[in-house]
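Structural characterization, general
Now for the letters of each chain:
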Amino acid sequence: MKLLIFGASGSGTTTLGQELAQQLNWVHLDADDYYWKKTDPPFQTKVPLEVRNSKLTGDFEDNDPVIISGSLVSWGPYWETVFDIAIFLYLPNHIRMARLKEREHERYGGLENMSQSAIEGSRAFLDWANEYDNEQFNGRSLAQHRLWMEKLSCPIISIMGDTSTEERVNRVIEAVKLSKQPQKTIRKKTSKN
């Protein structure tokens, strides 16, 4: 079983992936771990597409069951056909942005503890994340995710709103159970002449 969890930054994809992996005893891979080089402060230098794709593909194919959290929209067509179920998370912008601001504060310990470049990077990230619902935005956006969902070959579960992690986990586990049930074959009755 191969699952994908995606949505806007701050929507809870990593949290849900980690919790599902723990409860189901599956492998969890986070796209950010492949997208960004390990730096201090983090999220400063991107890994080239072909390098990150190669590493993620290898780890993905080596593990089953596996969960990937993160947006793979710009990673290539391979990712459109390899999942059994995709889970799309959506949160209203004001809730996401409050979470992201809190996360940035926890990560860096406040502006007084940050270098000027880290401050600028954090502000740029928050500005970028705030554009998700903007239909005209060219970066990762709701419009982009909607278009990408049309290309996915697997069922998609959309979880909208500020639901608890527990509710999300239960919904995904139920979908996984249903997907494993044998499908009933419908036989046509034929009339004998």
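Look up: the structure comes first, before these words.
Not measured: the values here are computed from a predicted model. (Residues numbered from 1 in each chain as written. Predicted model: local features only at pLDDT ≥ 70, side-chain atom pairs only at ≥ 80, totals over all residues. Heavy atoms only, no water.)

1. Quick word on the layout of surface pockets
Put simply, the test is: Lining residues are defined by having an atom within 4 Å of a point belonging to a cavity or pocket. Those points lie on a 1 Å grid over the protein atoms alone, cavities being sets where a 1.4 Å probe fits but cannot get out and pockets being open sets with protein on both sides within 12 Å along at least five of seven lines. Grid points are joined across faces, edges and corners, and a volume is the space filled by probe spheres set on the points. In this description a helix means any DSSP run of H or I spanning at least four residues, a strand means any run of E spanning at least two, and both kinds are numbered starting from the N terminus. Polar here means any residue outside two lists: the nonpolar Ala, Val, Leu, Ile, Met, Phe, Trp, Tyr, Cys and Pro, and the charged Asp, Glu, Lys and Arg; Gly therefore counts as polar.
What the largest pocket holds in volume is close to 1,300 Å³. Along its surface, the largest pocket is lined by 46 residues, and Ser 9, Asp 32, Trp 36, Phe 125 and Arg 140 are the ones closest to its centre. Mapped by element, the contributors of at least two residues to the lining of the largest pocket are helix 1 (13-24), helix 2 (31-35), helix 4 (93-108), helix 5 (116-129) and helix 7 (165-180). The element best represented in the lining of the largest pocket is helix 4, accounting for six residues. In terms of residue class, the lining of the largest pocket is built from 13 nonpolar, 21 polar and twelve charged.

2. Remarks on the packing of helix 1 against helix 7
Threshold: The angle between two axes is taken between their N-to-C directions and runs from 0 to 180 degrees, where each axis is a line fitted to C-alpha atoms and a helix contributes only its stretch in contact. The labels follow the angle: roughly parallel below 35 degrees, roughly antiparallel above 145, roughly perpendicular from 65 to 115, and oblique for the rest. By convention the crossing between two helices is left-handed if the near helix lies anticlockwise of the far one by an angle smaller than a right angle, and right-handed if it lies clockwise. The contact definition used throughout considers only heavy atoms, calling two residues in contact when any of these lie within 4.5 Å.
Running from amino to carboxyl end, helix 1 crosses helix 7 at an angle of 60 degrees, the nearest separation of the two axes being 10 Å. Here helix 7 runs oblique to helix 1, going by the angle between their axes. The handedness of the crossing between helix 1 and helix 7 comes out as right-handed. Between helix 1 and helix 7, the contacting residues are Thr 15, Leu 16, Glu 19, Leu 20, Gln 23 and Leu 24 on the first element and Thr 165, Arg 168, Val 169, Val 172 and Ile 173 on the second.

3. Considerations on the environment of Thr 81
Basically, it comes down to this: Partly exposed describes any residue whose relative accessible area lies between the buried limit of under 20% and the exposed limit of over 50%, with all areas from a 1.4 Å probe on protein chains only and scaled to the type maximum.
Structurally, the position occupied by Thr 81 is in the loop between strand 3 (66-69) and strand 4 (85-90). Residue class for Thr 81 comes out exposed when judged on its relative accessible area of 53%. For the pair Thr 81 and Leu 152, spaced 71 residues apart in sequence, the C-alpha to C-alpha distance is 6.1 Å.

4. Quick notes on the pattern of salt bridges
Rules: The term salt bridge refers to a side-chain nitrogen of Lys or Arg lying within 4 Å of a carboxyl oxygen of Asp or Glu.
Applying the stated criterion to the full structure yields two salt bridges. Arg 99 serves as the salt-bridge partner of Asp 162, at 2.9 Å between the closest nitrogen and oxygen. Here Asp 162, found in the loop between strand 5 (156-160) and helix 7, pairs with Arg 99, found in helix 4; they are 63 residues apart in sequence, far enough to count as distant.

5. Quick word on the packing of aromatic side chains
What counts, and what does not: Stacked, tilted and edge-to-face are the three classes assigned to paired rings of Phe, Tyr and Trp, where Trp is represented by its six-membered ring and a pair needs centres within 6.5 Å; plane angles under 30 degrees give stacked, over 60 edge-to-face, the rest tilted. Each ring is checked for a lysine NZ or an arginine CZ that lies within 6 Å of its centre and within 35 degrees of its normal; such an atom marks a charge sitting over the ring.
Counted under the stated rule, the structure contains ten aromatic pairs. Between Tyr 35 and Trp 36, the aromatic rings sit 5.1 Å apart at their centres with planes inclined by 65 degrees, giving edge-to-face as the arrangement. Trp 36 carries the same exposure label as Tyr 35, and that label is buried. Between Trp 36 and Phe 43 the ring centres are 6.0 Å apart and the planes differ by 80 degrees, which places this aromatic pair in the edge-to-face class. Taken together, the aromatic side chains of Tyr 35, Trp 36, Phe 43 and Trp 75 make up a single cluster linked through ring pairs. The cationic tip of Arg 52 hangs over the ring face of Trp 75; the distance from NZ or CZ to the ring centre is 4.9 Å.

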